[in-house]
Each structure stands twice: as C-alpha cells, then as structure tokens.
Amino acid sequence: MGRWQPLRDDLPAEVARLVRELRQYVDRCEMTTATVAAKTGYSRSSWLRYLNGRRMPPWSPVSGLGRLAQADAEYLRVLWESAAHAGKEEGPAGESGPPPVPRDPAERPQGSDTPTGRPPGAGEQAAGAWILTARGAIATASSSTACARTAAS
C-alpha cells in the first residue's frame, strides 16, 4: 500500500522486523489504523507510534493484531520477545541499559546477591542461547497470513 513512513536507521534490526511484520498484517487485512485501534482496544495514535517504529508495542496489542490477522501466535511471540530484548539493549541516546552487576561478591553493595540464585554469568549464557533459538525460529517461520473477516469489517 505504500502508506508507511520509512523506519529510522538506528532502529534495532529485531524491532524493525517486528514492525514490518505488523505492517504486513495491517496491509493484508486491508485495515486502517483506526480499524486496528477499534478492534484491539488501543488508540489510533498508539498504533501509529508502534507501526512507525517510534515506540516498542506491548505484547497485548501485538497479540490482538495477530489474532485479527490469524497469525501464528508462537512465531509472533518469538518475534516480539526478540524485539523487546533488542530494544532493552538499545537505550535512549545510544545507552546500553543499566550498568552491569559486579561479578566479584566483594564488589557488590552490602546485602546484594544474584537475583536468580544462579552463578554470575549463567543468565547471559542462557539468554544468548535463547536469542539464537529465537532467530532460527524467525528465519524458518512462514510469513503467509490470512485475515479474520467479520460481518462488520
């Protein structure tokens, strides 16, 4: 349809991928942002921010649009989680998130411990494996989608 603004160059690739997928759902279902807003319960202005890559959408509106477009919910969840993770790494003005927790217990503030009870670094290893798995799922998932048609479209 050609109605979408170009995405920012500094948008993380995973976020851009999610936004493009959501745009495809809207286009395939031949919906306007007003229609998407009415059917998902999120405002038109919020959808414009999400679909133009200015704001990372919460899972709830993404899943609502996915249901309307009859998208694969598991694929969409992996795509969204990957984008959410990438968006957290890229903070405002190029920040990379909160400062790392010191790995040496002597360097930690008094009374602080690892939040999960796992050895330091275990979460980063697990997250890295999850990201690789998610990227593989994204690469192999089909992007064909039908649309839920209602009598009052």
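Preceding this section is the structure that the text describes.
Rules and cut-offs
- Residues numbered from 1 in each chain as written.
- Predicted model: local features only at pLDDT ≥ 70, side-chain atom pairs only at ≥ 80, totals over all residues.
- Heavy atoms only, no water.
- Helix = DSSP H or I, 4+ residues; strand = E, 2+ residues; numbered from the N terminus.
- Contact = heavy atoms within 4.5 Å.
- Areas by Shrake-Rupley, 256 points an atom, 1.4 Å probe, with all protein chains shown as cover.
- Expected span 1.5 Å × (residues − 1).
- Buried < 20%, exposed > 50% of the residue type's maximum accessible area, 1.4 Å probe, protein only.
- Core = buried A, V, L, I, M, F, W, Y, C linked by side-chain atoms within 4.5 Å.
- Arc of directions from axis to C-beta.
- Phe/Tyr/Trp six-rings, centres within 6.5 Å; stacked < 30°, edge-to-face > 60°.
- Lys NZ or Arg CZ within 6 Å of the ring centre and 35° of its normal.

*Asks:* I'd like to hear about the overall build of the chain, residue by residue, with values.
*Replies:* The secondary structure content of the chain amounts to six helices and zero strands. When the helices and strands of the chain are placed in sequence order, the string is α-α-α-α-α-α. Sequence-distant contacts, at least 24 apart, represent 65% of the contacts inside the chain between residues at least 6 apart. Accessible surface, the chain: about 9,500 Å² in total, of which carbon and sulfur atoms supply 53%.

*Asks:* Which residues make up helix α1 (residues 13–28), and what values do they have?
*Replies:* Think of an α-helix as 3.6 residues a turn; residues three or four steps apart then line up on the same face. Given a rise of 1.5 Å per residue, 16 residues ought to cover 22 Å, and the 22 Å separating the end C-alpha atoms of α1 matches this to within 8%. Among all positions in α1, only E14, V15, A16, L18, V19, E21, L22, R23, Y25 and V26 are buried. Of the residues flanking the end of α1, it is E30, one or two places downstream, whose phi is positive at about 55°.

*Asks:* Residues and numbers for the nonpolar core, please.
*Replies:* Within the largest apolar cluster, 29 residues are counted, with the highest numbers of intra-cluster contacts made by L18, L22, Y25 and L65. Mapped by element, the contributors of at least two residues to this core are α1, α2 (33–40), α3 (44–51), α4 (59–68) and α5 (73–89). For this core, the element with the highest residue contribution is α1, accounting for seven residues. Other than its neighbours up to four places away in sequence, L65 contacts L22, Y25, V26, M31, V36, T40 and W47.

*Asks:* Which residues make up the environment of P6, and what values go with them?
*Replies:* Structurally, P6 is set in the segment before α1. Take P6: its relative accessible area is 75%, and that puts it in the exposed class.

*Asks:* Account for α2, with residues named and values stated.
*Replies:* Turning to α2, its buried residues number three or more, namely T33, V36, A37 and T40. When α2 is viewed along its axis, its buried side chains cluster within an angular range of 100° and face the same direction. Buried positions along α2 lie against α1, α3 and α4. Two residues or fewer after α2 comes G41, characterised by a positive phi angle close to 85°.

*Asks:* Give me the lowdown on the packing of aromatic side chains, citing residues and values where you can.
*Replies:* Per the stated rule, a full pass over the model turns up two aromatic pairs. When the centroid spacing of 5.7 Å and the interplanar angle of 55° are considered together, the rings of W59 and W80 count as tilted. Taken together, the residues span a long stretch of sequence, with W59 in helix α4 and W80 in helix α5 at a distance of 21 residues. One Lys or Arg, R77, reaches over the ring of W59 and ends 4.6 Å from the middle of that ring.

Honestly, it's all geometry; don't read function into it.
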